[in-house]
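Report on the structure
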Amino acid sequence: MKNFASLRKRFAWLSRLLIFCLVVAIYAWALQGLNVDFELLKNSWPYITDFISRLFPPDPAVLDIAIQALVETIQMSLWGTTLGAILSLPIAIASARNVAPVWLQWLANFLQNIVRSVPSIILGLIFVAATGLGAPAGTLALSIYTIGYLAKFYQQAIEAVDSRSIEFLQVTGASRLQVAQYGILPQVLPLGLGYTLWMFEYNIRAASVLGVVGAGGIGFQLKSYIDGFEYNKATTMMLVLLIVVTVIDFLSSQLRKRLDSM
């Protein structure tokens, strides 16, 4: 018995060593593929400091433009997150293995993978082509972008539901709708709202990226100033965005804590 226990310990140690070596090998392979020029990195510091020095001091003359663009960004994020959340819910239900049949799970998960595989910039370009430059294109792009993530988050929340509550309702003869209403929704709602709040604050940052392709928001102004080498004005935009994102992050964190306590 002792020999068997000793043998198990040796194999456990050997397996951990092999896993460690495998992880090191994977990271070494990934680093090799990056083709990093360390000599170039060592000599790049003066160029970095030169660029950063051009960003300061911020130009307060564009503060009113920054606030207007930021308001538009928040509006885009609010509507994009809301539309995406509404569309994500049925997809998440169809994807959950404890609710939907296998064939429907496969189709819904495949749809999620399609949406997540399309970069937000491409979505922005598609809707700019459809609706023209401005906030409507950014809002539609954010809503589709949101589906790719919230549908997965909602799916995981549904699959984490206590199976005993579902089995109890099924034994009592409850329909699928009643199982969802009384067995799943009360457990999923706090977690789902927390995910939605997180997605809202993330979409504010994503909306600033979409401005690069003309999809409205503060990103559009930011790109315009950078393209025009007006770095001081771009800094004002970034600082305003930083302040608002920090405030929204704090408020949403407090709301998520309350939801978690539920």
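Residues numbered from 1 in each chain as written. Predicted model: local features only at pLDDT ≥ 70, side-chain atom pairs only at ≥ 80, totals over all residues. Heavy atoms only, no water.

Below, the discussion takes up the confidence of the model for the protein. On average, residues of the protein carry a pLDDT of 82, and 94% of them reach 70 or more. The weakest mean pLDDT in the protein belongs to helix H8 (residues 163-171) at 73; the strongest belongs to helix H5 (residues 102-117) at 89. (pLDDT = per-residue confidence, 0-100. Helix = DSSP H or I, 4+ residues; strand = E, 2+ residues; numbered from the N terminus.)

On to the nonpolar core, then. General note: in soluble globular proteins, nonpolar side chains tend to be found buried as a group. Leu142, Leu150, Ile158, Ile184, Val188 and Ala215 are the most contacted members of the largest nonpolar core, which totals 29 residues. The element best represented in this core is helix H7 (residues 135-159), accounting for 10 residues. With residues up to four places along the chain from it excluded, the contact list for Leu142 reads Met76, Ser77, Gly80, Asn203, Ala206, Ala207 and Leu210. (Core = buried A, V, L, I, M, F, W, Y, C linked by side-chain atoms within 4.5 Å. Buried < 20%, exposed > 50% of the residue type's maximum accessible area, 1.4 Å probe, protein only. Contact = heavy atoms within 4.5 Å.)

On to the environment of Ile65, then. Note on placement: Ile65 falls in helix H4 (residues 63-95). It is 9.8 Å that separates the C-alpha atoms of Ile65 and Thr236, two residues lying 171 residues apart in sequence. Sequence-distant contacts of Ile65, defined by excluding residues within four places in its chain, comprise Gln221, Tyr225 and Met237.

Residues Phe56 and Pro57 are joined by a peptide bond in cis, for which omega reads 0°. Inspection of the secondary structure puts Pro57 in the loop between helix H3 (45-54) and H4. The residue Phe229 is not glycine, and still its phi comes out positive at about 60°. Among the structural elements, Phe229 can be located in the loop between helix H10 (218-227) and helix H11 (231-261). Under the relative-accessibility criterion, Phe229 is labelled exposed at 63%.

Below, the discussion takes up the pattern of salt bridges. Applying the stated criterion across every chain, the model contains five salt bridges. A salt bridge links Glu159 to Arg97, with the nearest nitrogen and oxygen atoms 3.0 Å apart. With a gap of 62 residues between them, Glu159 in helix H7 and Arg97 in the loop between H4 and H5 connect regions that are remote in the sequence. A relative accessible area of 59% places Arg97 in the exposed class. Across the pair Glu201 and Arg205 runs a salt bridge whose closest N-O atoms are separated by 4.0 Å. One end of the pair is Glu201 and the other is Arg205, both in helix H9 (residues 176-210) and four residues apart, which spans about a single turn. According to the relative accessible area criterion, Glu201 is buried, its value standing at 4%. A relative accessible area of 33% places Arg205 in the partly exposed class. (Salt bridge = Lys/Arg side-chain N within 4 Å of Asp/Glu carboxyl O.)

With that settled, consider the environment of Asp50. Tracing the chain through its elements places Asp50 in helix H3. In sequence terms Asp50 and Ser252 are 202 residues apart; their C-alpha atoms lie 37 Å from each other.

A separate point is H7. Under the 1.5 Å per step criterion, the end-to-end length of H7 is 35 Å for 25 residues, consistent within 8% with the ideal 36 Å. Taking the largest bend as the criterion, H7 deviates by roughly 30°, centred on Ile147. With respect to burial, H7 is a largely interior element, 18 of its 25 residues being buried. (Expected span 1.5 Å × (residues − 1). Bend = angle between axes of the 7 residues up to and from the residue.)

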